[in-house]
Amino acid sequence: MQAVIPCLDLKRQHQQLKQEIFAAFEEVYEQTAFSGGQFAEAFEKDFAAFCHTAHAVAVNNGTSALHLAMLALKIGAGDEVIIPANTFIATAWGVSYTGATPVFIDCDPFTWEIDPAKVEEKITPRTKAIVGVHLYGQPFDVDAIRNICDKHDLFLLEDAAQAQGAVYKGQPVGGFGEMACFSFYPGKNLGATGEAGGITTNKEEYYQRLLSLRNHGSVVRYYHEELGFNMRMGGLEAASLRIKLRYLPSWNQRRQAIAKRYQQEIKNEAVQMQQQPEGHVSVYHLFVVTTADRDGLMNYLKTEHIHPGLHYPVSCHLQQAYAHLNYRPGDCPHAEYLAAHCLSLPMYPEMTDEEVDRVIHVMNAYRA
Ligand SMILES: Cc1ncc(COP(=O)(O)O)c(C=O)c1O
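Now for a description of the structure that goes with this document.

Rules and cut-offs
Counting of residues starts from 1 at the beginning of each chain's written sequence and follows it residue by residue. Predicted model: local features are reported for residues with pLDDT of at least 70 only, side-chain atom pairs are reported and counted for 80 or more only, and whole-chain, interface and lining totals are derived from all residues. Side-chain measures here rest on the full set of heavy atoms in the structure, leaving out hydrogens and waters. Strands here are runs of E lasting at least two residues and helices are runs of H or I lasting at least four, both read from the DSSP assignment and numbered beginning at the N terminus. Categorising residues by exposure relies on relative accessible area from a 1.4 Å probe, with only protein chains included: less than 20% of the type maximum marks a residue as buried, more than 50% marks it as exposed, and the intermediate range marks it as partly exposed. Definition of a polar contact: a pair of N or O atoms within 3.5 Å, with one able to donate and the other able to accept a hydrogen when the atoms are protein atoms, and with sequence-neighbouring residues admitted only if both atoms are side-chain atoms. Here, residues are in contact when the closest pair of their heavy atoms is within 4.5 Å. The criterion for strand pairing is that DSSP finds at least two bridges linking the strands in question. To qualify as a nonpolar core, a set must consist of buried Ala, Val, Leu, Ile, Met, Phe, Trp, Tyr and Cys residues joined through side-chain atoms within 4.5 Å. Here the limits of each domain have been adopted from an automatic or database domain assignment. For helices, the fitted line uses only the C-alpha atoms of the stretch in contact; every axis is such a line through C-alpha atoms, and the angle between N-to-C directions lies from 0 to 180 degrees. The rule for a salt bridge is simple: a side-chain nitrogen of Lys or Arg has to be within 4 Å of a carboxyl oxygen of Asp or Glu. Proximity is defined per residue: any heavy atom of the residue falling within 4 Å of a molecule or strand makes that residue near it. We get accessible surface area from the Shrake-Rupley algorithm with a probe of 1.4 Å; when it comes to residues, only the shown protein chains can shield them. Gly counts as polar in this scheme, as do all residues outside two lists: the nonpolar Ala, Val, Leu, Ile, Met, Phe, Trp, Tyr, Cys and Pro, and the charged Asp, Glu, Lys and Arg. Exposure above 30% relative accessible area and no salt bridge define the residues that can form patches, which grow by joining like charges within 9 Å and nonpolar side chains of Val, Leu, Ile, Met, Phe, Trp and Tyr within 5 Å. Each angle receives one of four descriptions, namely roughly parallel if under 35 degrees, roughly antiparallel if over 145, roughly perpendicular if within 65 to 115, and oblique otherwise. Should the near helix be turned anticlockwise from the far one by less than a right angle, the crossing is termed left-handed; should it be turned clockwise, right-handed. Call a crossover right-handed when, viewed with both strands pointing away from you, the route from the first strand across the helix to the second goes clockwise.

Remarks on the side chain of serine 344
1) Next: Summarising the element assignment, serine 344 is placed in strand E13 (residues 342-345).
2) Next: The exposure class assigned to serine 344 is buried, which follows from its relative accessible area of 0%.
3) Next: Side chain to side chain, serine 344 and histidine 311 meet in a polar contact 2.7 Å long.
4) Next: Contact partners of serine 344, with chain neighbours within four places excluded, come to Cys7, Phe287, Val288, Pro308, Gly309, Leu310 and His311.

Here it is, written out as C-alpha coordinates:
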(Lines give C-alpha, C1' and ligand atoms only; values in the text may rest on other atoms or scores of the structure.)
Protein backbone atom coordinates (compact mmCIF):
# COMPACT_ATOMS: atom_id res chain seq x y z
CA MET A 1 0.00 0.00 0.00
CA GLN A 2 1.16 3.51 -0.76
CA ALA A 3 2.20 5.65 2.21
CA VAL A 4 -0.33 8.30 3.20
CA ILE A 5 0.55 11.91 2.36
CA PRO A 6 -0.99 13.94 5.20
CA CYS A 7 -2.00 17.58 5.01
CA LEU A 8 0.81 18.36 7.48
CA ASP A 9 3.57 16.18 8.91
CA LEU A 10 5.36 17.75 11.87
CA LYS A 11 7.38 14.64 12.67
CA ARG A 12 9.87 15.22 9.88
CA GLN A 13 10.69 18.70 11.10
CA HIS A 14 11.06 17.41 14.62
CA GLN A 15 13.45 14.67 13.51
CA GLN A 16 15.55 17.22 11.64
CA LEU A 17 15.88 19.63 14.58
CA LYS A 18 15.62 17.33 17.58
CA GLN A 19 19.29 17.49 18.63
CA GLU A 20 19.49 21.24 18.32
CA ILE A 21 16.23 21.88 20.14
CA PHE A 22 16.96 19.45 22.95
CA ALA A 23 20.35 21.15 23.48
CA ALA A 24 18.51 24.50 23.77
CA PHE A 25 16.08 22.93 26.26
CA GLU A 26 19.08 21.92 28.39
CA GLU A 27 20.05 25.58 28.59
CA VAL A 28 16.53 26.61 29.60
CA TYR A 29 16.64 23.97 32.35
CA GLU A 30 20.11 25.15 33.45
CA GLN A 31 18.78 28.67 33.84
CA THR A 32 15.31 27.52 35.04
CA ALA A 33 13.99 30.30 32.79
CA PHE A 34 10.65 28.57 32.21
CA SER A 35 8.31 31.57 32.07
CA GLY A 36 9.24 34.69 30.12
CA GLY A 37 12.86 35.53 30.92
CA GLN A 38 16.01 35.59 28.82
CA PHE A 39 14.96 33.10 26.15
CA ALA A 40 11.68 34.89 25.49
CA GLU A 41 13.48 38.23 25.40
CA ALA A 42 16.08 36.92 22.95
CA PHE A 43 13.31 35.58 20.72
CA GLU A 44 11.54 38.94 20.85
CA LYS A 45 14.65 40.68 19.54
CA ASP A 46 15.15 38.14 16.76
CA PHE A 47 11.51 38.20 15.70
CA ALA A 48 11.28 42.02 15.66
CA ALA A 49 14.36 42.07 13.41
CA PHE A 50 12.81 39.42 11.17
CA CYS A 51 9.63 41.53 10.78
CA HIS A 52 11.54 44.83 10.46
CA THR A 53 9.64 46.26 13.43
CA ALA A 54 10.87 48.15 16.47
CA HIS A 55 9.41 45.68 18.96
CA ALA A 56 8.00 42.19 19.42
CA VAL A 57 6.19 40.99 22.53
CA ALA A 58 6.16 37.25 23.18
CA VAL A 59 2.89 35.84 24.55
CA ASN A 60 1.33 32.47 25.24
CA ASN A 61 -0.63 32.06 21.97
CA GLY A 62 -2.02 33.93 18.97
CA THR A 63 -5.48 34.32 20.45
CA SER A 64 -4.00 36.17 23.44
CA ALA A 65 -1.99 38.30 21.00
CA LEU A 66 -5.24 39.46 19.37
CA HIS A 67 -6.93 40.01 22.74
CA LEU A 68 -4.04 42.07 24.12
CA ALA A 69 -3.70 44.13 20.92
CA MET A 70 -7.39 45.08 21.23
CA LEU A 71 -6.86 46.07 24.87
CA ALA A 72 -3.78 48.10 23.99
CA LEU A 73 -6.01 50.06 21.57
CA LYS A 74 -8.52 50.53 24.45
CA ILE A 75 -11.22 48.72 22.50
CA GLY A 76 -14.07 47.50 24.67
CA ALA A 77 -17.82 47.19 25.22
CA GLY A 78 -19.87 49.24 22.76
CA ASP A 79 -17.13 49.28 20.12
CA GLU A 80 -17.20 47.49 16.78
CA VAL A 81 -14.24 45.94 14.98
CA ILE A 82 -14.38 44.95 11.31
CA ILE A 83 -12.89 41.56 10.45
CA PRO A 84 -13.18 39.13 7.53
CA ALA A 85 -15.87 36.45 7.75
CA ASN A 86 -13.50 33.80 6.41
CA THR A 87 -10.77 33.43 8.97
CA PHE A 88 -10.00 31.14 11.86
CA ILE A 89 -12.44 32.02 14.65
CA ALA A 90 -9.70 33.37 16.94
CA THR A 91 -9.63 36.64 14.95
CA ALA A 92 -13.16 37.21 16.26
CA TRP A 93 -12.40 35.98 19.79
CA GLY A 94 -9.81 38.75 20.19
CA VAL A 95 -12.60 41.29 19.63
CA SER A 96 -15.28 39.54 21.68
CA TYR A 97 -13.08 39.00 24.76
CA THR A 98 -12.95 42.78 25.21
CA GLY A 99 -16.76 43.10 25.09
CA ALA A 100 -16.61 44.69 21.61
CA THR A 101 -18.56 43.31 18.64
CA PRO A 102 -16.96 41.77 15.56
CA VAL A 103 -18.49 42.93 12.28
CA PHE A 104 -17.96 40.34 9.58
CA ILE A 105 -17.09 41.30 6.00
CA ASP A 106 -17.24 39.08 2.94
CA CYS A 107 -14.10 38.11 1.04
CA ASP A 108 -13.06 38.87 -2.50
CA PRO A 109 -14.20 35.94 -4.68
CA PHE A 110 -10.76 35.52 -6.24
CA THR A 111 -8.13 36.41 -3.63
CA TRP A 112 -10.32 35.12 -0.75
CA GLU A 113 -8.99 38.01 1.35
CA ILE A 114 -11.16 40.67 3.05
CA ASP A 115 -12.89 42.62 0.26
CA PRO A 116 -12.06 46.34 0.68
CA ALA A 117 -15.09 47.26 -1.46
CA LYS A 118 -17.41 45.77 1.20
CA VAL A 119 -15.88 47.50 4.22
CA GLU A 120 -17.09 51.09 4.12
CA GLU A 121 -20.80 50.21 4.13
CA LYS A 122 -20.26 48.52 7.53
CA ILE A 123 -18.52 51.44 9.22
CA THR A 124 -20.61 53.08 11.97
CA PRO A 125 -19.82 55.68 14.64
CA ARG A 126 -18.92 52.73 16.90
CA THR A 127 -16.30 51.28 14.56
CA LYS A 128 -12.82 51.51 16.08
CA ALA A 129 -10.59 49.23 14.03
CA ILE A 130 -10.21 46.91 11.05
CA VAL A 131 -8.32 43.63 11.38
CA GLY A 132 -6.97 42.34 8.08
CA VAL A 133 -5.99 38.66 8.02
CA HIS A 134 -3.12 37.46 5.83
CA LEU A 135 -5.13 34.36 5.04
CA TYR A 136 -3.39 31.04 4.30
CA GLY A 137 -0.11 33.01 4.33
CA GLN A 138 -1.03 35.52 1.61
CA PRO A 139 -1.03 39.26 2.42
CA PHE A 140 -4.41 41.00 2.21
CA ASP A 141 -4.80 44.27 0.27
CA VAL A 142 -3.00 46.37 2.88
CA ASP A 143 -3.02 49.67 0.96
CA ALA A 144 -6.76 49.55 0.26
CA ILE A 145 -7.61 48.72 3.88
CA ARG A 146 -5.16 51.30 5.21
CA ASN A 147 -6.73 54.00 3.01
CA ILE A 148 -10.13 53.19 4.51
CA CYS A 149 -8.65 53.33 8.02
CA ASP A 150 -7.04 56.71 7.30
CA LYS A 151 -10.23 58.12 5.78
CA HIS A 152 -12.40 57.08 8.76
CA ASP A 153 -9.80 57.46 11.51
CA LEU A 154 -9.74 53.76 12.39
CA PHE A 155 -6.93 51.59 13.73
CA LEU A 156 -5.44 48.97 11.42
CA LEU A 157 -4.36 45.63 12.87
CA GLU A 158 -2.81 42.68 11.05
CA ASP A 159 -3.71 39.12 11.95
CA ALA A 160 -0.50 37.54 10.69
CA ALA A 161 -1.02 34.24 12.51
CA GLN A 162 -0.62 32.30 9.26
CA ALA A 163 1.92 34.51 7.54
CA GLN A 164 5.35 34.68 9.24
CA GLY A 165 7.69 35.91 6.51
CA ALA A 166 5.04 36.87 3.92
CA VAL A 167 5.89 40.03 1.98
CA TYR A 168 3.62 42.84 0.79
CA LYS A 169 5.10 45.25 -1.76
CA GLY A 170 8.63 44.48 -0.64
CA GLN A 171 8.02 44.70 3.14
CA PRO A 172 7.55 41.77 5.50
CA VAL A 173 4.14 41.61 7.18
CA GLY A 174 4.05 42.73 10.81
CA GLY A 175 4.63 46.46 10.53
CA PHE A 176 1.74 47.76 8.45
CA GLY A 177 -0.74 48.62 11.18
CA GLU A 178 -0.69 49.67 14.83
CA MET A 179 0.22 46.11 15.76
CA ALA A 180 0.38 42.68 14.13
CA CYS A 181 -0.59 39.45 15.87
CA PHE A 182 1.18 36.14 15.27
CA SER A 183 0.47 32.58 16.28
CA PHE A 184 3.32 30.15 16.85
CA TYR A 185 1.00 27.17 17.27
CA PRO A 186 3.06 24.05 16.42
CA GLY A 187 1.52 23.64 12.95
CA LYS A 188 2.23 27.22 11.82
CA ASN A 189 5.09 28.09 9.41
CA LEU A 190 7.00 29.10 12.53
CA GLY A 191 5.63 26.81 15.22
CA ALA A 192 6.80 26.38 18.81
CA THR A 193 7.14 23.14 20.75
CA GLY A 194 3.93 24.11 22.54
CA GLU A 195 1.51 27.04 22.46
CA ALA A 196 2.96 30.47 21.71
CA GLY A 197 2.18 33.77 20.04
CA GLY A 198 3.54 37.27 19.55
CA ILE A 199 2.72 40.88 18.74
CA THR A 200 4.89 43.23 16.68
CA THR A 201 4.65 47.01 16.75
CA ASN A 202 6.61 50.12 15.86
CA LYS A 203 4.99 52.20 18.58
CA GLU A 204 6.60 52.50 22.00
CA GLU A 205 3.27 53.28 23.67
CA TYR A 206 1.70 49.96 22.64
CA TYR A 207 4.90 48.08 23.40
CA GLN A 208 4.99 49.29 27.01
CA ARG A 209 1.30 48.61 27.49
CA LEU A 210 1.59 45.06 26.09
CA LEU A 211 4.52 44.26 28.39
CA SER A 212 2.36 45.20 31.35
CA LEU A 213 -0.90 43.59 30.16
CA ARG A 214 0.68 40.17 29.54
CA ASN A 215 2.30 40.26 32.98
CA HIS A 216 -0.63 40.79 35.38
CA GLY A 217 -0.85 44.51 34.57
CA SER A 218 2.49 44.97 36.26
CA VAL A 219 5.80 46.59 35.38
CA VAL A 220 7.25 46.65 38.89
CA ARG A 221 6.83 43.26 40.55
CA TYR A 222 3.75 43.00 42.77
CA TYR A 223 2.52 46.49 41.85
CA HIS A 224 -0.48 46.25 39.51
CA GLU A 225 -1.56 49.35 37.63
CA GLU A 226 -4.50 47.79 35.84
CA LEU A 227 -6.35 44.53 35.34
CA GLY A 228 -3.77 42.30 33.70
CA PHE A 229 -3.34 38.78 32.41
CA ASN A 230 -0.89 35.93 32.74
CA MET A 231 -0.01 35.59 29.07
CA ARG A 232 3.77 35.26 29.07
CA MET A 233 5.55 32.92 26.67
CA GLY A 234 7.26 29.86 28.14
CA GLY A 235 11.05 29.60 28.01
CA LEU A 236 11.03 26.22 26.27
CA GLU A 237 8.73 27.52 23.54
CA ALA A 238 10.90 30.61 23.09
CA ALA A 239 14.08 28.56 22.86
CA SER A 240 12.60 26.32 20.17
CA LEU A 241 11.26 29.32 18.25
CA ARG A 242 14.68 31.01 18.18
CA ILE A 243 16.14 27.95 16.53
CA LYS A 244 13.29 27.49 14.09
CA LEU A 245 13.31 31.16 13.09
CA ARG A 246 16.73 30.59 11.53
CA TYR A 247 15.25 27.90 9.29
CA LEU A 248 12.04 29.77 8.46
CA PRO A 249 13.26 31.55 5.28
CA SER A 250 14.37 28.27 3.72
CA TRP A 251 11.17 26.52 4.82
CA ASN A 252 9.07 29.32 3.33
CA GLN A 253 11.05 29.07 0.08
CA ARG A 254 10.35 25.36 -0.07
CA ARG A 255 6.62 26.00 0.50
CA GLN A 256 6.73 28.56 -2.33
CA ALA A 257 8.41 26.06 -4.63
CA ILE A 258 5.77 23.42 -3.86
CA ALA A 259 2.98 25.98 -4.38
CA LYS A 260 4.47 27.00 -7.73
CA ARG A 261 4.41 23.40 -8.87
CA TYR A 262 0.78 22.99 -7.75
CA GLN A 263 -0.17 26.22 -9.55
CA GLN A 264 1.63 25.34 -12.78
CA GLU A 265 1.17 21.60 -12.97
CA ILE A 266 -2.32 20.96 -11.58
CA LYS A 267 -4.34 21.34 -14.74
CA ASN A 268 -7.89 20.48 -13.85
CA GLU A 269 -10.82 22.75 -14.66
CA ALA A 270 -12.77 21.35 -11.73
CA VAL A 271 -10.33 22.99 -9.31
CA GLN A 272 -9.84 26.69 -8.47
CA MET A 273 -6.93 28.27 -6.58
CA GLN A 274 -6.41 31.47 -4.58
CA GLN A 275 -5.46 34.35 -6.89
CA GLN A 276 -2.39 36.36 -6.03
CA PRO A 277 -2.22 40.03 -6.87
CA GLU A 278 1.17 41.40 -7.95
CA GLY A 279 3.35 42.22 -4.95
CA HIS A 280 1.52 39.93 -2.46
CA VAL A 281 4.08 37.24 -1.68
CA SER A 282 2.49 34.30 0.12
CA VAL A 283 4.30 31.87 2.42
CA TYR A 284 1.62 29.22 1.81
CA HIS A 285 0.79 28.24 5.35
CA LEU A 286 -2.03 26.38 3.63
CA PHE A 287 -2.66 25.53 0.00
CA VAL A 288 -6.42 25.80 -0.30
CA VAL A 289 -8.39 24.94 -3.44
CA THR A 290 -12.10 24.98 -4.17
CA THR A 291 -14.16 22.58 -6.23
CA ALA A 292 -17.90 22.14 -6.88
CA ASP A 293 -18.12 18.72 -5.17
CA ARG A 294 -15.82 19.10 -2.18
CA ASP A 295 -16.85 15.85 -0.51
CA GLY A 296 -16.36 14.00 -3.79
CA LEU A 297 -12.80 15.32 -4.14
CA MET A 298 -12.06 14.65 -0.46
CA ASN A 299 -13.15 11.04 -0.71
CA TYR A 300 -11.30 10.53 -3.97
CA LEU A 301 -8.07 11.91 -2.45
CA LYS A 302 -8.42 9.66 0.58
CA THR A 303 -8.81 6.58 -1.60
CA GLU A 304 -5.54 7.69 -3.24
CA HIS A 305 -3.92 7.92 0.24
CA ILE A 306 -3.75 11.71 0.22
CA HIS A 307 -5.35 13.27 3.30
CA PRO A 308 -6.48 16.84 2.67
CA GLY A 309 -7.31 19.42 5.36
CA LEU A 310 -10.43 21.58 5.71
CA HIS A 311 -9.86 25.27 6.55
CA TYR A 312 -12.58 26.20 7.45
CA PRO A 313 -15.96 24.47 7.06
CA VAL A 314 -18.12 27.22 8.63
CA SER A 315 -17.67 30.93 8.03
CA CYS A 316 -17.31 32.91 11.28
CA HIS A 317 -20.52 34.92 10.82
CA LEU A 318 -22.56 31.69 10.81
CA GLN A 319 -20.89 30.05 13.81
CA GLN A 320 -23.23 29.12 16.65
CA ALA A 321 -21.14 31.25 19.02
CA TYR A 322 -22.23 34.33 17.06
CA ALA A 323 -25.89 33.38 16.54
CA HIS A 324 -26.88 36.37 18.73
CA LEU A 325 -25.49 38.73 16.07
CA ASN A 326 -28.24 37.51 13.71
CA TYR A 327 -26.24 36.96 10.55
CA ARG A 328 -28.02 34.84 7.95
CA PRO A 329 -26.84 32.56 5.15
CA GLY A 330 -26.30 34.80 2.15
CA ASP A 331 -24.85 37.71 4.17
CA CYS A 332 -21.28 36.88 3.08
CA PRO A 333 -21.82 34.76 -0.04
CA HIS A 334 -18.20 34.38 -1.12
CA ALA A 335 -17.02 33.36 2.35
CA GLU A 336 -19.90 30.88 2.51
CA TYR A 337 -19.01 29.46 -0.89
CA LEU A 338 -15.43 28.99 0.25
CA ALA A 339 -16.53 27.26 3.46
CA ALA A 340 -18.68 24.83 1.51
CA HIS A 341 -16.21 24.10 -1.29
CA CYS A 342 -12.65 24.40 0.04
CA LEU A 343 -10.09 21.80 0.97
CA SER A 344 -6.39 22.07 1.71
CA LEU A 345 -3.80 20.09 -0.23
CA PRO A 346 -0.74 18.71 1.60
CA MET A 347 1.71 21.55 2.25
CA TYR A 348 4.81 21.42 4.44
CA PRO A 349 8.46 22.10 3.62
CA GLU A 350 9.58 18.54 4.26
CA MET A 351 7.38 17.11 1.46
CA THR A 352 9.55 15.20 -0.99
CA ASP A 353 9.48 15.91 -4.71
CA GLU A 354 7.93 12.45 -5.21
CA GLU A 355 5.09 13.31 -2.84
CA VAL A 356 4.47 16.58 -4.67
CA ASP A 357 4.48 14.65 -7.97
CA ARG A 358 1.90 12.26 -6.58
CA VAL A 359 -0.44 15.03 -5.37
CA ILE A 360 -0.23 16.70 -8.80
CA HIS A 361 -0.79 13.44 -10.64
CA VAL A 362 -3.78 12.48 -8.50
CA MET A 363 -5.33 15.95 -8.76
CA ASN A 364 -4.98 15.88 -12.53
CA ALA A 365 -6.68 12.50 -12.72
CA TYR A 366 -9.69 13.73 -10.71
CA ARG A 367 -12.96 13.85 -12.64
CA ALA A 368 -15.85 15.74 -11.06
C1 LIG B 1 -5.88 33.56 11.38
C2 LIG B 1 -5.61 33.10 12.78
N3 LIG B 1 -5.78 33.96 13.80
C4 LIG B 1 -5.53 33.62 15.06
C5 LIG B 1 -5.09 32.35 15.39
C6 LIG B 1 -4.94 31.99 16.83
O7 LIG B 1 -3.69 31.54 17.18
P8 LIG B 1 -3.49 30.47 18.36
O9 LIG B 1 -4.00 29.16 17.90
O10 LIG B 1 -2.01 30.49 18.58
O11 LIG B 1 -4.23 30.99 19.55
C12 LIG B 1 -4.87 31.42 14.36
C13 LIG B 1 -4.31 30.07 14.60
O14 LIG B 1 -4.73 29.16 15.11
C15 LIG B 1 -5.15 31.80 13.03
O16 LIG B 1 -5.00 30.92 12.02
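Details of the pairing of E13
1) Next: Residues Cys342 and Ser344 of E13 are buried on one face, and the alternating residues Leu343 and Leu345, pointing to the opposite face, are buried as well.
2) Next: Of the pairings in the sheet, the one linking strand E12 (residues 287-290) to E13 comprises four bridges and is antiparallel in character. Following the sheet pairing, valine 288 is matched in E13 by serine 344.

As for the environment of isoleucine 145
1) Next: Note that isoleucine 145 resides in helix H5 (residues 142-152).
2) Next: Residue isoleucine 145 is classed as buried on the basis of its relative accessible area, which comes to 0%.
3) Next: A sequence separation of 88 residues divides isoleucine 145 from methionine 233, and the C-alpha atoms of the two residues are 31 Å apart.
4) Next: Ignoring anything within four residues of it in the chain, the contact list for isoleucine 145 reads Ile114, Pro116, Val119, Ile130, Phe140 and Leu156.

Regarding the nonpolar core
1) Next: Counting 85 residues, the largest nonpolar core has Phe43, Phe47, Val119, Ile130, Met179 and Phe184 as the members making the most contacts within it.
2) Next: Taken domain by domain, this core gets at least three of its residues from each of domain 1 (10-243) and domain 2 (248-365).
3) Next: Residues contacting phenylalanine 47, with those up to four places away along its chain left out, are Ala56, Gln164, Phe182, Phe184, Leu190, Thr200 and Leu245.

Observations regarding the sheet that holds strand E10 (residues 272-273)
1) Next: The three strands are arranged E10-E12-E13 in an open sheet whose pairing can be described as antiparallel. Pairing within the sheet leaves two strands with one partner each, and these edge strands are E10 and E13.
2) Next: Together, E10, E12 and E13 form the strand contacts of helix H7 (residues 235-265), whose direction differs from that of E12 by roughly 20°.

Focus: the pattern of salt bridges
1) Next: Applying the stated criterion to the full structure yields 17 salt bridges.
2) Next: Note that arginine 261 and aspartate 357 form a salt bridge whose closest N and O atoms lie 2.7 Å from each other. Of the two residues, arginine 261 is situated in helix H7 and aspartate 357 in helix H10 (residues 353-365); the sequence distance between them amounts to 96 residues.
3) Next: One continuous salt-bridge network, built from bridges that share partners, spans Asp9, Arg12 and Glu355.

What to know about the sheet that holds strand E8 (residues 179-183)
1) Next: One open sheet accounts for seven strands, arranged E1-E9-E8-E5-E4-E2-E3; its pairing is mixed. Two strands bound the open sheet, and with one partner strand each, they are strand E1 (55-59) and strand E3 (101-105). Neighbour-to-neighbour, the strand axes of this sheet turn through a mean angle of 25°, independent of strand direction.
2) Next: The pairing of strand E5 (residues 155-159) with E8 spans three bridges and is classified as parallel. Paired with leucine 157 across the two strands is methionine 179, which belongs to E8.

Describing the site of the ligand
1) Next: Taken together, 16 residues lie around the ligand, and Gly62, Thr63, Asp159, Ser183 and Lys188 are the ones closest in.
2) Next: Take threonine 63: an N or O atom from its side chain is 2.5 Å from an oxygen atom of the ligand.
3) Next: Within the side chain of glutamine 162, a nitrogen or oxygen atom sits 2.9 Å from an oxygen atom of the ligand.
4) Next: Taking 380 Å² as the accessible area of the ligand by itself, protein coverage stands at 93%.
5) Next: Where the shell around the ligand is concerned, the elements lending two or more residues are helix H3 (62-72) and helix H4 (90-96).
6) Next: It is H3 that provides the largest number of residues to the shell around the ligand, a total of three residues.
7) Next: Grouping the amino acids of the shell around the ligand by side-chain chemistry returns seven nonpolar, seven polar and two charged.

What to know about unusual backbone geometry
1) Next: Residue tyrosine 312 follows histidine 311 across a cis peptide bond; omega there is 10°.
2) Next: As for its placement among the helices and strands, tyrosine 312 is situated in the loop between helix H8 (294-303) and helix H9 (333-341).
3) Next: The phi dihedral of tryptophan 112 falls on the positive side, at around 65°, and the residue is not glycine.
4) Next: With respect to the secondary-structure elements, tryptophan 112 resides in the loop between E3 and strand E4 (127-133).

Re a nonpolar patch on the surface
1) Next: Nonpolar side chains collect at one region of the surface, where Val219, Val220, Tyr222 and Tyr223 lie side by side and expose about 510 Å² of accessible area between them.
2) Next: Classification of tyrosine 223 by relative accessible area gives exposed; the value is 59%.

Let's talk about the packing of helix H2 (residues 37-51) against H7
Packed helices, taken two at a time, are described by their axes: the angle between them and the distance between them.
1) Next: Running from N to C, H2 and H7 cross one another at 25°; their axes reach a closest spacing of 8 Å. Regarding the angle of H2 to H7, the classification is roughly parallel. The handedness of the crossing between H2 and H7 comes out as left-handed. Two secondary-structure elements touch here, H2 through Phe39, Ala40, Ala42, Phe43, Asp46, Phe47 and Phe50 and H7 through Gly235, Ala238, Ala239, Leu241, Arg242, Leu245, Leu248 and Pro249.

Digging into the pairing of strand E2 (residues 80-84)
1) Next: Of all the five residues making up E2, five are buried; the element is thus mostly covered by neighbouring parts of the structure.
2) Next: Side-chain alternation along E2 places Glu80, Ile82 and Pro84 on one buried face and Val81 and Ile83 on a second face that is also buried.
3) Next: Each parallel crossover has a hand, and for E2 linked through H4 to E3 it is right-handed.
4) Next: Two elements, E2 and E4, share three bridges in a ladder whose sense is parallel. By the bridge assignment for E4, valine 81 is matched with alanine 129.

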